[in-house]
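Structural overview for review
Listed below are the residues making up each chain.
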Amino acid sequence: MKILLKKIKKSNKIALSFYLLTIILFIIGYILFAKAILQLVGIETLLRIILLVLLFIWFLFYGLFGLSTFIVKKYKKFILLTFISIIFITGMIGSSIIINKIYNKLDMLSSEDYTLYTTNLIALKNTELKSDSKLGMINNNDDIEGYVLANTLKNKEKLKQEVVYFDDYYAMLDALYNGQVDAIFVSSNYVILFGNEEAYSNIASETKVLYSYSEKMKSKTISNTNKKLTEPFTILLMGVDSEKDGLNANAAFNGDTLMLITFNPKNLNATIFSVPRDTYVPIACNNNRYNKINSSAAYGSDCVINTMQNLVDVTIDYYAKINFNGVIDLVNALGGIDVDVEAPNYDYYISQHGKGRLCESNSLRDTTKLVCMNTGAQHLNGEQALAYARNRHGFLESDLARNRHQQQIVEAMAKKVIEIKSFKDFEKILEAVSKNIATNLSTKQILSFYQSLKDMLVNGLKGEDFIKIQKTYLEVYNLPINIGGLNVSALGYYDNSLNAIKDALNVNLGLKKEEMIKTFSYDYNEDYTSPIIGKGISSGTKLATVPNFKGSTVGYVESWASNNGITLGKEFTCNSGTPGLINGQSVAAGTFVKNISYLTIYINQVCDTNPIINNEPSNEPNNNNNTTTNNNSNSNSNSDNDGDDEPSEPKDDDINDIIPGSPGDNSSTDYNNNDTGD
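Being a predicted model, the structure only gives us computed values, none of them experimental. (Residues numbered from 1 in each chain as written. Predicted model: local features only at pLDDT ≥ 70, side-chain atom pairs only at ≥ 80, totals over all residues. Heavy atoms only, no water.)

Looking now at helix 17 (residues 495-508). Here helix 17 is 14 residues long and its end C-alpha atoms lie 20 Å apart, about the 20 Å a rise of 1.5 Å per residue gives. Among the residues making up helix 17, those that are buried are Ser 497, Leu 498, Ile 501, Lys 502, Ala 504, Leu 505, Asn 506 and Asn 508. Within two residues after helix 17, Gly 510 carries a phi angle of roughly 75°, on the positive side. (Helix = DSSP H or I, 4+ residues; strand = E, 2+ residues; numbered from the N terminus. Expected span 1.5 Å × (residues − 1). Buried < 20%, exposed > 50% of the residue type's maximum accessible area, 1.4 Å probe, protein only.)

As structure tokens, then:
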């Protein structure tokens, strides 16, 4: 050892300095690289270990052989070995920076630990809050913005006014507009949440914010599961269209886009189920009261997830909240996507925009600045992709057509991912994803998806489908309903269509065996396409709502009431209509049949000095003050009635156009286009 030290002291000082510096830098680089690469759990574990071992062996080799070369003055070999070591050092430090950058971006996706919850007290523009004013509040202890923070705001601002509690936001909004309350507590995202309904399409200009209160709280969403992405899993995609910046700027969001995906990494098969926003289902966090499924978003992500789980009877392992405007960044980062743009089929829309064109308001929802594209095979940029994903006014199927478009966009983006050719492109995509997506997937779980991505890439290189996508379609029917006194158009679904979709989800998750198809027909003149699960199945139990009986005969209503177990009351009123026909009803059209047990109908009679009461002459004088009316009874529904067990009704030729289900009632062909919202 003493001899070695003497030789080192006598060696070239410059060479010795380079040697020591290289050794120190190698140690630093190796530690940084090892720390970074060991984070990549599940990604080529054997290769990572081999790489670390080889680098360590080189370090030992350079430490010993490099030392000997400059001691014996073989400077050319020393310079070569040092140069190679510097390359390794540069690679290790550079790689550690890139890996840490990627890891941190992925880690941002899982950072939805806290959310800024905000409640507003709003009133109509011309309303001033007084001591005798009444305040509306949701009667739900679990509603953070509508109840918990509402009470905090009330106490903070020392509001002593009487509080009226409501079970439903629509009922509360109706009470505000009808003057039954003077102000109501709602989420700060109330314009986006309720502005889609025709009755509240101008809510932004018709209301004002009196008070507001915000509080940052731990997010109420399902916790991370331990399931790895190397086994079948489910993920719920939720579109977020908030007025606030950032995904966590508010708990409530626009629930118009809900897409459940099951993925099986063993066969690279994905099943996509898009749920129409107007589907009428029990809302999990609102005591399972029925409402449109998009209303669950008013209560936050947790409510949407639980409501979806109850609908499909499948556990949702993960969720991802996606900023709508983030679609623009992501598609642009991918260099655009290729989509077969569906041609609009709504005549009025075509007359406005021209045949073979599809137009939609821009990403800021500015209807004066349209984003247009031709139909057919197109290469879309980010703005066009978002416009196509949002458009529904050009199609008779409305929201169902939009669901198809969104599935096309997701499929096109997934296919484009495998075309990434440089780290710079990958970095752009990662940047767009990290800014616009939040999920309960941990970073390690995201990394575990690497193997599936590698298998997809291999399939793509072989010319095969890199992923098999199984599409679904929920068959629905028009369901006129009454929510909080507001007549709106919702969608009921056919049980058997949903059951077929449930089966497909469970088969893809490996929870159910696939039933073999024993018969198969094929026309060689036509291209074969995979069947769309659930499409064309219009059978099974249907939800029943109260029809609009105006213009119907008494016998028809009697038969309907008997078939639905409803006790029927009758009152005769003075009316200029056809004697003996119905002119009103005590329960508004669209009310859920299961929620009522009694119904009164108001029947036309000719009012003279001897009015007919119960088909018998009466000697009592006419008294118009006893005439019974109902504010909701005369609302004429444009929608076809879908109540169960409805009888066939005799119809007069001159009133066919106003009797539900008559030949003159053609509402079933356009059940959503009366909704002006997006």
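Here we take up the pattern of salt bridges. Counted according to the given criterion, the structure contains 13 salt bridges. Of the charged contacts in the structure, one is a salt bridge between Glu 342 and Arg 404, with a shortest N-O distance of 2.7 Å. With a gap of 62 residues between them, Glu 342 in the loop between strand 12 (337-341) and helix 11 (347-353) and Arg 404 in helix 13 (residues 399-417) connect regions that are remote in the sequence. Through salt bridges with shared partners, a single network forms among Arg 277, Asp 278 and Lys 292. (Salt bridge = Lys/Arg side-chain N within 4 Å of Asp/Glu carboxyl O.)

The sheet built from three strands is open, its strands ordered 20-22-21 with mixed pairing. Where the open sheet ends on each side, the last strands, each with one partner, are strand 20 (567-574) and strand 21 (582-585). Averaged over neighbouring strand pairs, the angle between their axes works out to 30° when direction is ignored. In this structure, strand 20 lies alongside strand 22 (residues 598-605), joined through eight bridges in parallel fashion. By the bridge assignment for strand 22, Thr 567 is matched with Tyr 598. Lying on the sheet, helix 18 (residues 554-563) is in contact with strand 20, strand 21 and strand 22; it crosses strand 20 at an angle near 160°. (Pairing = 2+ DSSP bridges. Axes fitted to C-alpha atoms, helices over the stretch in contact; angles between N-to-C directions. Contact = heavy atoms within 4.5 Å.)

Attention now goes to the side chain of Gln 445. Inspection of the secondary structure assignment puts Gln 445 in helix 15 (residues 443-447). A polar atom in the side chain of Gln 445 sits 3.3 Å from the side chain of Tyr 318. (Polar contact = N/O pair within 3.5 Å; in protein donor to acceptor, adjacent residues only side chain to side chain.)

It is worth spelling out the state of the cysteines at this point. Simply put, disulfide is the name for a covalent bond between the sulfur atoms of two cysteines. Applying the stated criterion across every chain, the model contains two disulfides. Note that Cys 285 is cross-linked by a disulfide to Cys 303, the S-S spacing being 1.9 Å. Handedness of the Cys 285-Cys 303 disulfide follows from its S-S torsion of about -75°: it is left-handed. Taken together, the positions of Cys 285 in the loop between strand 9 (280-283) and strand 10 (289-292) and Cys 303 in helix 9 (residues 301-312) put the pair 18 residues apart, joining distant regions of the chain. In this structure Cys 303 comes out as buried when scored by relative accessible area, which is 2%. Across the disulfide, Cys 359 is cross-linked to Cys 372 (sulfur-sulfur distance 2.1 Å). Its S-S torsion of about 115° marks the bond between Cys 359 and Cys 372 as right-handed, since a negative value means left-handed. Of this pair, Cys 359 sits in strand 13 (residues 357-361) while Cys 372 sits in strand 14 (residues 370-374); the two residues are 13 residues apart in sequence, bridging distant segments of the chain. (Disulfide = S-S within 2.5 Å.)

In this fold, Ile 235 is placed in strand 6 (residues 233-240). Measuring from C-alpha to C-alpha, the distance between Ile 235 and Ile 272 comes to 9.9 Å, with 37 residues separating the pair along the chain.

Here helix 2 (residues 13-37) crosses helix 3 (residues 45-71) at 175°, and the two axes come no closer than 11 Å. As far as their axial angle goes, helix 3 and helix 2 are roughly antiparallel. Along the contact surface, helix 2 presents Ala 15, Leu 16, Phe 18, Tyr 19, Thr 22, Ile 23, Phe 26, Ile 27, Tyr 30, Phe 33, Ala 34 and Ile 37, while helix 3 presents Arg 48, Leu 51, Leu 52, Leu 55, Phe 56, Trp 58, Phe 59, Tyr 62, Gly 63, Gly 66, Leu 67 and Phe 70. The class makeup of the residues in the contact of helix 2 with helix 3 is 20 nonpolar, three polar and one charged. (Parallel < 35°, antiparallel > 145°, perpendicular 65-115°, else oblique. Nonpolar A, V, L, I, M, F, W, Y, C, P; charged D, E, K, R; others polar.)

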